[in-house]
Amino acid sequence: MPLVLTEIEDAVAIVTLNRPEAMNALSKSLRAELAEAMLAVASDDAVRAVVLTGAGQRAFTAGLDLKELGASTEGLGAANATDPRDNPVKAVEQCAKPVIGAINGVAITGGFELALACDVLIASTNARFADTHARVGIMPGWGLSQKLSRMIGISRAKELSFTGNFLDADTAERWGLVNRVVEPDALLPAATALARDMANIDPAMLAAYKTLIDDGYAMSFGQGLALEAERSTAANGQVAPESVEQARLAVMARGRAQS
């Protein structure tokens, strides 16, 4: 049985972590299959957006497989790995297309970090988040210590990381960690509907815009604005007036349909 499943329909790939009996824990084998799956959808022109989720309703993923870690200290290296086959955050970052995390259950520690690698998070009412790095005695290496504070504020991030307590879905939405919370049966339909909206955008434009946001997010505000000015000047100088007019009419028609 594959540890990662991929299903493609209407330009959207649904990538599913498939170890429900182990709460989709990120074993070495699963991490390798995830890297392969994300690379495959990244290079597939038929795919324009991706939904990442976990099998079942108990867990998105419980993080690194602690049984593997307990059996050998070699597994601790995964916390600082840079190879996408070992580091699932790097695996997701291989994909320049939008990645929507459909958080169907717990996202714990390394699983929390994997969730934060997604561009947008939608949670089911079953979703819960926890950072147990401090309780386990392992420093985060996949970005959580820096990303979480930037997303929900430094004091809230410290509360989660210094206690290891769970954050429920409704509070996660209120704190700005997830975009919305839906019933479990509505999670994949909501995530795929959003992915299809994104898939309607020109893929080259979407990839460039995603890179601009992510690169600027890693800089100071002033540096980010300078980066935007530099890239927009270069890109917008290549835009033909007639293509702007065609796009304007399409945007207006879409707006009328949504109102």
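Summary of the structure given here. (Residues numbered from 1 in each chain as written. Predicted model: local features only at pLDDT ≥ 70, side-chain atom pairs only at ≥ 80, totals over all residues. Heavy atoms only, no water.)

### Thoughts on helix α9 (residues 187–199)
For step 1, the next point in the chain: Helix length check: α9, at 13 residues, gives a terminal C-alpha distance of 18 Å against a target of 18 Å (1.5 Å per residue), a fit within 8%.
For step 2, the next point in the chain: If you check which residues of α9 are buried, you get Leu187, Ala191, Thr192, Leu194, Ala195 and Ala199. The arc that holds the buried residues of α9, viewed along the axis, is 160 degrees, so those residues lie on one side.
For step 3, the next point in the chain: Looking at the buried side of α9, the elements it contacts are β2 (12–17), β3 (49–54), β5 (99–103), β7 (120–124) and β10 (180–182). (Helix = DSSP H or I, 4+ residues; strand = E, 2+ residues; numbered from the N terminus. Expected span 1.5 Å × (residues − 1). Buried < 20%, exposed > 50% of the residue type's maximum accessible area, 1.4 Å probe, protein only. Arc of directions from axis to C-beta. Contact = heavy atoms within 4.5 Å.)

### Some points on the packing of helix α10 (residues 203–217) against helix α11 (residues 221–236)
For step 1, the next point in the chain: Axis separation between α10 and α11 bottoms out at 9 Å; the angle between their running directions is 155 degrees. As summarised for this structure, α10 and α11 are arranged roughly antiparallel, according to the angle between their axes. At the point where α10 passes α11, the crossing takes the right-handed sense. Contact residues: Thr211, Leu212, Asp215 and Gly216 in α10; Gly224, Leu227, Glu228 and Arg231 in α11.
For step 2, the next point in the chain: Split by residue class, the contact of α10 with α11 holds two nonpolar, three polar and three charged. (Axes fitted to C-alpha atoms, helices over the stretch in contact; angles between N-to-C directions. Parallel < 35°, antiparallel > 145°, perpendicular 65-115°, else oblique. Left-handed = near helix turned anticlockwise from the far one by under 90°. Nonpolar A, V, L, I, M, F, W, Y, C, P; charged D, E, K, R; others polar.)

### With respect to the packing of aromatic side chains
For step 1, the next point in the chain: One pass over the full model with this rule turns up one aromatic pair.
For step 2, the next point in the chain: An angle of 45 degrees between the planes, with centres 5.3 Å apart, marks the rings of Phe112 and Phe129 as tilted. One end of the pair, Phe112, is in helix α4 (residues 110–116); the other, Phe129, is in strand β8 (residues 128–130), with 17 residues separating them in the sequence. Like Phe112, the residue Phe129 is buried in the burial classification. (Phe/Tyr/Trp six-rings, centres within 6.5 Å; stacked < 30°, edge-to-face > 60°.)

### Brief notes about the sheet that holds β7
For step 1, the next point in the chain: Across the sheet, six strands lie side by side as β1-β2-β3-β5-β7-β10; this open sheet has mixed pairing. Where the open sheet ends on each side, the last strands, each with one partner, are β1 (4–9) and β10. Neighbour-to-neighbour, the strand axes of this sheet turn through a mean angle of 20 degrees, independent of strand direction.
For step 2, the next point in the chain: Strand direction decides the pairing type here: β2 and β3, joined by six bridges, are parallel. Residue pairing in the sheet places Leu17 in a bridge with Gly54 of β3. (Pairing = 2+ DSSP bridges.)

### What to know about unusual backbone geometry
For step 1, the next point in the chain: Despite not being glycine, Asn24 has its phi angle at roughly 55 degrees, a positive value.
For step 2, the next point in the chain: Tracing the chain through its elements places Asn24 in the loop between β2 and α1 (28–43).
For step 3, the next point in the chain: The class for Asn24 is buried, based on a relative accessible area of 0%.

### Regarding the pattern of salt bridges
Pairing between side chains of opposite charge can happen when their charged atoms approach one another.
For step 1, the next point in the chain: For the structure on display, the rule yields seven salt bridges.
For step 2, the next point in the chain: A salt bridge links Lys28 to Asp86; the shortest N-O distance between them is 3.2 Å. Placement of the pair is Lys28 in helix α1 and Asp86 in the loop between α2 (66–71) and α3 (88–93), with a sequence separation of 58 residues.
For step 3, the next point in the chain: A salt bridge links Glu93 to Lys90; the shortest N-O distance between them is 3.8 Å. Note that Glu93 and Lys90 are positioned in helix α3 at a spacing of three residues, about one turn of the helix.
For step 4, the next point in the chain: Overall, Glu93 belongs to the partly exposed group, its relative accessible area being 45%. (Salt bridge = Lys/Arg side-chain N within 4 Å of Asp/Glu carboxyl O.)

In short, geometric facts, not functional conclusions.
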